[in-house]
Amino acid sequence: MKLAVGIDLVQVSRIAESRAHFGARFLERIYTPTEIAYAAAAPDQTNERLAARFAAKEAALKALGLADQGVSWREIEVVRTSSGACELALHGRARELAPGATNIALSLSHEGDLATAVVVANQPEGPPPPQHRSIP
């Protein structure tokens, strides 16, 4: 197993602009109904909560090696546990492509116009990269 880390930083104002410009179409493309409901439950923090979740999805793509793999934004979900902590739930293609990822940890934060997320996961060691040979 190898330790993999992903981090992302998002401007809260960019999420607010996307919501204003695209409305529900933006929200439904990126977030699950549960994520939307959680963010909307605190109207004065909706954009911050959405930005942190967007950052979490990006960080997860990086940590789990899912970038450019055809994973939908909604297949990576930030869920709250009964203790209030946030965790990642993988669905669909994300779950299929990262079956060996274990001990996935998530940390979210937002301050002012910035939201950030860090994802750390144990990943199985993949096959070694192909050896490149020079052609004479």
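From a predicted model like this one, the values you see are computed outputs, not experimental measurements.

Draft legend 1. Structural detail: the overall build of the protein chain. Broken down by element type, the protein chain carries 5 helices and 5 strands. Helices (α) and strands (β) of the protein chain occur, in sequence order from the N terminus, as β-α-α-α-α-β-β-α-β-β. Overall, the C-alpha framework of the protein chain stretches about 60 × 40 × 30 Å when taken along its three principal axes. In the protein chain, the share of contacts with a sequence separation of at least 24, taken over all contacts with a separation of at least 6, comes to 58%. Of the roughly 8200 Å² of accessible surface on the protein chain, a fraction of 52% belongs to carbon and sulfur atoms. In the protein chain, 14 positive and 15 negative side-chain charges are present, and the distance between their average locations comes to 5 Å.

Draft legend 2. Broad picture of the pairing of strand β2 (residues 76-80). Two elements, β2 and strand β3 (residues 86-90), share 5 bridges in a ladder whose sense is antiparallel. In the strand pairing of β3, I76 is matched with L90.

Conventions used here
Residues numbered from 1 in each chain as written. Predicted model: local features only at pLDDT ≥ 70, side-chain atom pairs only at ≥ 80, totals over all residues. Heavy atoms only, no water. Helix = DSSP H or I, 4+ residues; strand = E, 2+ residues; numbered from the N terminus. Contact = heavy atoms within 4.5 Å. Areas by Shrake-Rupley, 256 points an atom, 1.4 Å probe, with all protein chains shown as cover. Lys, Arg positive; Asp, Glu negative; His and termini not counted. Charge placed at Lys NZ, Arg CZ, Asp CG, Glu CD. Pairing = 2+ DSSP bridges.

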